[in-house]
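Next come the chains, spelled out residue by residue.
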Amino acid sequence: MPVHPSQIDPELRRRGTLIRRIRSARTEEQLRRSSALPGPVDRLLRRRVPAGLVRSEEWIRRPDGSRLRILVYRARDARPDAPGLLWLHGGGYATGAPEFEAFSLRPLIAGSGAVVVSPDYRLSPVAPYPAALDDSYAALLWLRDNAVRLGVRPDQIAVAGGSAGGGLTAAPTLYARDEGEVAVAFQMPLYPMIDDRGETESGRDNDAPVWDSVTNRSAWRLYLGDLYGSADVPAYAAPARATDHAGLPPTMTFVGSLDPFRDETVHYVDNLRAAGVSVEFREFAGAYHGFDVLVPKASASRAAAAFRDQWFGHAVRTHFAPQP
């Protein structure tokens, strides 16, 4: 699905055109380098904490003895019995850090008093699947086990994230349903990266800004390792491969019409609805991947943020899941 500039929302076009010129069609090696060499903006974001929020750091010990770093964000005026939100950062499974998305969390926390837990999960150039899934699920269990200490309602633990973070929302939520160890009250997998096959119309030959088909294949190769191209890729790695969606929690998501993930998101929504899962979904015309973060003042981005924040507020008032 080649994308012509005229197809891009006019408010998103200038930024998208610039990004397309300087960062497109990334190879596995380029993704490895971007993961290993954070730039000055990345270093600045690691230090900054959004106004009105408090950040603390916790550590979980993995089975192999290594440690997983977890960031906890909360409002300065913390409320009792707050919702708990596991937030998984994006970056194609290959890049990123939990600090980079802190400013996206501020409206969710401000509107609900939520306590947000965000793990610094292992990236694919260092450790392919199932490392990121294992870390995400470990953080979910840690949130459950520490709910009372954190001031979180044990019956209102949710999972959310965008892009690869959306994939790491859908995958641990699916795993949690199957394992039965922890109950997820609701999930928000935003424009999720969930299908490794790249066979959808929106995913084939897509050269849209930010995330294109070439970059997507490179990222999946890094994440899946020797599993890439196999018919046996598990649904916990690529949730679009799941065949049973019954019993999954209420879900909200959105995606841009030009995003390579558009079709896989729509198929995921359709499958959830067919299984009787409550779903709220919106598609934004002329929007590419990550538009809401990259051009936050555009009308489409403001509408997407409002949709997300309003649904989150509704979910906090409505959706609960007692722990087993």
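Cut-offs and rules
Throughout, a residue's number is its position along its own chain's written sequence, starting from 1. Whole-chain, interface and lining totals are the exception, using all residues; otherwise, since this is a predicted model, local features are given only for residues with pLDDT of at least 70 and side-chain atom pairs are given and counted only at 80 or more. Hydrogens and waters are ignored; side-chain quantities use all the structure's heavy atoms. Note on aromatic contacts: the rings of Phe and Tyr and the six-membered ring of Trp form a pair at centre separations within 6.5 Å, being stacked when their planes are under 30 degrees apart, edge-to-face when over 60 apart, and tilted otherwise. Only DSSP runs of H or I with at least four residues qualify as helices, and only runs of E with at least two residues qualify as strands; both kinds are numbered from the N terminus onward. Relative accessibility decides the category of a residue: with a 1.4 Å probe and only protein chains considered, values under 20% of the type maximum give buried, values over 50% give exposed, and everything between is partly exposed. Paired strands are those between which DSSP finds at least two bridges. By convention, orient the strands away from the viewer: a clockwise path from the first strand over the helix to the second makes the crossover right-handed. The set of buried Ala, Val, Leu, Ile, Met, Phe, Trp, Tyr and Cys residues whose side-chain atoms join them within 4.5 Å is what this entry labels a nonpolar core. We call two residues in contact when some of their heavy atoms are within 4.5 Å.

Visitor: When you look at the packing of aromatic side chains in this model, what are you seeing that I'm missing?
Guide: The description of an aromatic ring pair uses the distance of the two centres, along with the angle that the planes make with each other. This structure, assessed with the given rule, holds twelve aromatic pairs. On the numbers, 5.6 Å between centres and 75 degrees between planes, the contact of Y191 with F254 is edge-to-face. Residue Y191 is found in the loop between strand 6 (187-190) and helix 8 (213-224), and its partner F254 is found in strand 7 (residues 251-256); the two are separated by 63 residues along the sequence. A single burial state applies to Y191 and to F254, both of which are buried. Summarising the aromatic geometry, the rings of F284 and F291 are spaced 5.7 Å apart at their centres and angled 50 degrees between planes, so their arrangement reads as tilted. The exposure class of F284 is buried, given its relative accessible area of 5%. A relative accessible area of 0% means that F291 is categorised as buried.

Visitor: Sorry if this is basic, but what is going on with the pairing of strand 3 (residues 82-88) here?
Guide: In regular strands, side chains alternate between the two faces of the sheet. Burial within strand 3 is extensive, with seven of its seven residues counted as buried. For strand 3 and strand 5 (residues 152-162), the ladder comprises six bridges, and the chain directions are parallel. Each residue of the ladder has a partner; that of G84, found in strand 5, is I157. Strand direction decides the pairing type here: strand 3 and strand 4 (residues 115-119), joined by three bridges, are parallel. Residue pairing across strands places L85 opposite V116, the latter belonging to strand 4. Chirality of the crossover, the property in question, places the unit of strand 3, helix 4 (residues 102-112) and strand 4 among those that are right-handed.

Visitor: Please explain the nonpolar core as it appears in this structure.
Guide: Inside soluble globular proteins, nonpolar side chains tend to come together where they are buried. Formed by 56 residues in total, the largest nonpolar core has its most connected members in F254 and F291. It is helix 11 (residues 299-318) that contributes the most residues to this core, seven residues altogether. The contacts of F254, once residues within four sequence positions are left out, are L190, Y191, F281, R282, F284, F291, D292, A304, F307 and R308. Core analysis: the second largest hydrophobic core is formed by 45 residues, L31, L88, V182 and V233 among them.

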